[in-house]
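Breakdown of the fold
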Amino acid sequence: IVMLTWKDGTKIERSQRLHMKPKDFLPVLDKLHRDFRIPYFADNIVYLTSDKEMKRLDTGIFFSIFADHPKRARAWWAVSVETDDAPFTREYCVENFGTDYLFRVKIKLGFKVSPSIPAYLHQIMHDLSHTGELPQQQSVYPKVDADPDIGPIRYVLLHKALMPESNISLRGALSLKMKYAIRHIAGTPVKWFGLAPYNPVVEVQPLFVSTRRPPRLKREEVASSRAVQSLQGSGIVSDVASDAEQTTIMNARDIVNANVSSDGKSEKSEKSANKETKESKISNTGKIARIDTGQIKAVKK
């Protein structure tokens, strides 16, 4: 049952896999490769894929490169691993699409050979560097692989996920869910290929199956606007508005009357204050005593 479920799930995944021709993806990748405004995500970005196609590129890899922020690199690698019936097979083939920055690599290993992808990939990079297919690279700072002749490598793994609105049969959905559950229990490519020390990036992409369009949403009005409309219909809003207008008029009249009375009181208070001021000035100055001139002469002597 487990093998049958895995086979059915893999069949559905492969049926939904799409590919791009070189004429469709090379111009965009070349533009990104030469765009110096975007910093390098890594010198080498390696995508591990189960795709067997060598002359075309999986759309999942293409979308991953340009998703969110473009992943610019000196070289992009799409690497697949196949198990051979011979026990000790160690072979690889490369397709570079006529470029020095995009490489499709297929590694074939015997069933008794340890699938240590980082070690074999370093050998392939050195081989391509010696033949001139890969431009010279150099690592200035220390890194895990301790290879100064190869720049930093970033591994990216793409996991497919079934969307809730996918238009798929019940059996197909069950097969995919069981396959993903088995894969979760059995382990991931991070463990199988020895990628844990390199901190790979795991991206989840939707499985591109046909989808059913959900029913349209019905727009409802906001509760406050509906309440106002109901009040207007019942005449309550107009009554409230008229009461508010009357209250405003009464308040205005009270303010005017208060200002008039305050003005009258202020005038009276000003008059009384002026009168008191004059009286206070007179009382403070007092009376001047008259002195005879004879008395003034006596004082001078």
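Residues numbered from 1 in each chain as written. Predicted model: local features only at pLDDT ≥ 70, side-chain atom pairs only at ≥ 80, totals over all residues. Heavy atoms only, no water.

Taking an unreviewed UniProt entry as the reference, the chain is identified by name as Potassium transporter Kup belonging to Gardnerella vaginalis.

**Description of the nonpolar core**
In a soluble, globular protein the nonpolar side chains are often hidden away together inside. What counts is decided by this rule: Buried residues of nine kinds, namely Ala, Val, Leu, Ile, Met, Phe, Trp, Tyr and Cys, make up a nonpolar core once their side-chain atoms join them within 4.5 Å. Only protein chains enter the calculation, and the probe is 1.4 Å; a residue is then buried if its accessible area is under 20% of its type maximum, exposed if over 50%, and partly exposed in between. What counts as a helix is a DSSP run of H or I of at least four residues, what counts as a strand is a run of E of at least two, and both are numbered from the N terminus.
In this structure, Val46, Leu48, Trp77, Val79, Ile107 and Met125 are the most contacted members of the largest nonpolar core, which totals 24 residues. Elements supplying a minimum of two residues to this core: β2 (40–48), β4 (72–84), β6 (102–110), α4 (117–131) and β7 (153–161). Broken down by element, the residue count for this core peaks at six residues, all from α4. If you look at the next biggest cluster of nonpolar residues, it comprises 21 residues, including Met20, Leu57, Phe62 and Tyr101.

**Brief notes about the packing of aromatic side chains**
Filter applied, for reference: In this scheme Phe, Tyr and Trp rings, the latter by its six-membered ring, pair at centre separations within 6.5 Å, and the angle between planes marks the pair as stacked below 30 degrees, edge-to-face above 60, and tilted otherwise.
Scanning the model with the defined rule gives six aromatic pairs in all. Note on Phe62 and Phe63: the rings are 6.0 Å apart at their centroids and 65° apart in plane angle, and the pair reads as edge-to-face. Looking at Phe62, the relative accessible area reads 11%, which means it is buried. Consider the rings of Phe62 and Phe66, whose centres lie 5.0 Å apart with planes at 50°: the pair is tilted. Pair noted here: Phe62 and Phe66 are both in helix α3 (residues 59–66), with a separation of four residues, about one helical turn. The class for Phe66 is partly exposed, based on a relative accessible area of 26%. Of the aromatic side chains, those joined through ring pairs into one cluster are Phe62, Phe63 and Phe66.

**Overview of the pattern of salt bridges**
Between side chains of opposite charge, pairing is possible as soon as their charged atoms come close. We apply this condition: A pair is scored as a salt bridge if a Lys or Arg side-chain nitrogen falls within 4 Å of a carboxyl oxygen belonging to Asp or Glu.
Tallied over the entire structure, the rule returns nine salt bridges. Residue Arg37 pairs with Asp35 through a salt bridge whose shortest N-O separation is 3.0 Å. Accessibility expressed as a relative area gives 74% for Arg37, which makes it exposed. Relative accessible area serves as the criterion here: at 15%, Asp35 is assigned to the buried category. A salt bridge links Lys55 to Glu95, with the shortest nitrogen-to-oxygen separation between them at 2.9 Å.

**Describing α3**
Applied cut-off: By the criterion applied in these results, polar contacts are pairs of N or O atoms within 3.5 Å in which, for protein atoms, one can donate a hydrogen and the other can accept it, and in which residues neighboring in sequence qualify only through two side-chain atoms.
For α3, the tally of buried residues reaches six of eight residues, placing the bulk of the element in the interior. Thr59, Gly60, Ile61, Phe62, Ser64 and Ile65 are the residues of α3 that are buried. Looking at where α3 begins, the residue whose side-chain oxygen comes 3.1 Å from the main-chain nitrogen of Gly60 is Asp58. Backbone geometry just downstream of α3 places Asp68 in the positive-phi region, at approximately 55°.

**Details of the confidence of the model for the chain**
Inclusion rule: pLDDT expresses how confident the predictor is about each individual residue, on a scale running from 0 to 100. Residue contacts follow a heavy-atom distance rule, with two residues in contact if any of their heavy atoms lie within 4.5 Å.
Confidence in the prediction of the chain, expressed as mean pLDDT, is 77, and 71% of residues score 70 or more. Taken together, the stretch residues 236–241 has pLDDT below 50 and engages in four contacts with residues farther than four places along the chain or on a different chain. Scored below 50 in pLDDT, residues 273–301 shows one contact in the model against residues more than four places distant or in partner chains.

**Section: the side chain of Thr99**
With respect to the helices and strands, Thr99 occurs in the loop between β5 (90–95) and β6. The exposure class of Thr99 is buried, given its relative accessible area of 13%. Polar side-chain contacts of Thr99 include one of 3.5 Å to the backbone nitrogen of Tyr101.

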